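Observations on the model geometry
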Amino acid sequence: KNIKYISKNKEVCLMVKGNCYGMGIESIGQLIELGYDYFGVSTIEEAKEVRKFSDNVNVLIVVPVEDEHFEEAISNNFEITITDIEQLKKVDKRIKFHLKFDTGMGRIGFKNEEIKKVQEIIIENKISPFGLFSHLAKASDDNYTNVQVDFFKEIIKQFKRFEINKIHIQNTVGSIRFDIPE
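Throughout this description, residue numbers start from 1 for each chain and increase along the sequence as written. Given that the model is predicted, a residue must reach a pLDDT of at least 70 before its local features are reported, and side-chain atom pairs must reach 80 or more before they are shown or counted; all residues, however, enter totals for whole chains, interfaces and linings. Side-chain numbers here rest on the full set of heavy atoms in the structure, without hydrogens or water.

What to know about the sheet that holds strand 7 (residues 166–170)
- We call two strands paired when DSSP finds no fewer than two bridges between them. Helix and strand definitions here come from DSSP, where helices need a minimum of 4 consecutive H or I residues and strands a minimum of 2 consecutive E residues; each element is numbered from the N-terminal end. Judged by pairing direction, the sheet is parallel, and its seven strands sit side by side in the order 1-2-3-4-5-6-7 without closing on themselves. Every other strand in the sheet has two partners, leaving strand 1 (14–15) and strand 7 as the edge strands with one partner each.
- Across five bridges, strand 6 (residues 131–135) lies against strand 7 in parallel orientation. Across the sheet, Gly 131 pairs through a bridge with Lys 166, a residue of strand 7.

Structure representation (structure tokens):
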């Protein structure tokens, strides 16, 4: 019921990293039975654990994987996160990838000044991101969140010419407090 309420009938990617935040890996099976089919994890190992429950669910690894795991991600149909120029240069058409942008969290993701270079690499290598995302840093702070959301909307505009399937910026508190358009 909580997921349904929070999601406001939008597609959700349920974060099940860290042993489902301590609820236990068996929770994934219960979520699949309830009809959820999109899960986010931190590592390739966690992705493989989710895959054991079903070949028909989508799994996004939200933390960048090492280059040597690209083939494993491809063979298991995992979606991966790309956060830096050098790794983006190594992506090929077979990889389903999301670009993560740093809109204010200050950890990982492409910076504003890298956007043009990211687009150049995408065009040059004839690849297309499956998704774009960021992460809200302080969803309890309306002003800070609004700045992040506005910045992310500008990023989305700059990538309109590409066929992006998933666009997401959220966190738990943000999903309750804000209705962020896609």
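That was the structure; now back to the text.
Overview of the side chain of Lys 166
- As for its position among the elements, Lys 166 is in strand 7.
- Pairing of N or O atoms within 3.5 Å defines a polar contact, subject to two protein rules: one partner must be a possible hydrogen donor and the other a possible acceptor, and residues neighboring in sequence count only if both atoms are side-chain atoms. A polar contact is formed between the side chain of Lys 166 and the side chain of Glu 11, at a distance of 2.8 Å.
- Contact partners of Lys 166, with chain neighbours within four places excluded, come to Glu 11, Tyr 38, His 98, Phe 130, Gly 131 and Leu 132. The contact criterion used is simple: two residues touch if any of their non-hydrogen atoms lie within 4.5 Å.

So, the pattern of salt bridges
- Whenever a carboxyl oxygen of Asp or Glu lies within 4 Å of a side-chain nitrogen of Lys or Arg, that contact is scored as a salt bridge. Tallied over the entire structure, the rule returns nine salt bridges.
- Note that Glu 72 is salt-bridged to Lys 48, the shortest N-O span being 2.8 Å. Of this pair, Glu 72 sits in helix 5 (residues 70–75) while Lys 48 sits in helix 4 (residues 44–51), and the two are 24 residues apart along the sequence.
- Burial status follows relative accessibility: with a 1.4 Å probe on protein chains alone, a residue under 20% of its type maximum counts as buried, one over 50% as exposed, and anything between as partly exposed. Residue Glu 72 is classed as partly exposed on the basis of its relative accessible area of 24%.
- Residue classification places Lys 48 among the partly exposed positions, given a relative accessible area of 33%.

A short note on the environment of His 98
- Locating His 98 in the fold gives a position in strand 5 (residues 96–100).
- The class for His 98 is buried, based on a relative accessible area of 0%.
- C-alpha separation for the pair His 98 and Gly 131, spaced 33 residues apart in sequence, amounts to 4.2 Å.
- Setting aside its immediate chain neighbours within four residues, His 98 contacts Tyr 38, Leu 60, Glu 79, Ile 80, Thr 81, Ile 82, Phe 130, Gly 131, Leu 132, Phe 133, Lys 166 and His 168.
- For His 98, the side chain forms a polar contact with the side chain of Glu 79, separated by 2.6 Å.

Things to note about the confidence of the model for the protein chain
- On average, residues of the protein chain score 89 in pLDDT, and 97% of them are at 70 or above.
- In predicted models, pLDDT denotes the confidence assigned by the predictor to each residue on a 0 to 100 scale. Of all helices and strands in the protein chain, the one with the weakest mean pLDDT is helix 2 (residues 17–21) (73), whereas strand 4 (residues 79–82) scores best (98).

Structural notes on the pairing of strand 4
- In strand 4, alternate side chains face the same way, and those of Glu 79 and Thr 81 on one face and Ile 80 and Ile 82 on the other are all buried.
- When the strands point away from the viewer and the path from the first strand over the helix to the second turns clockwise, the crossover is right-handed. Taken together, strand 3 (residues 58–61), helix 5 and strand 4 constitute a β-α-β crossover, and its handedness is right-handed.

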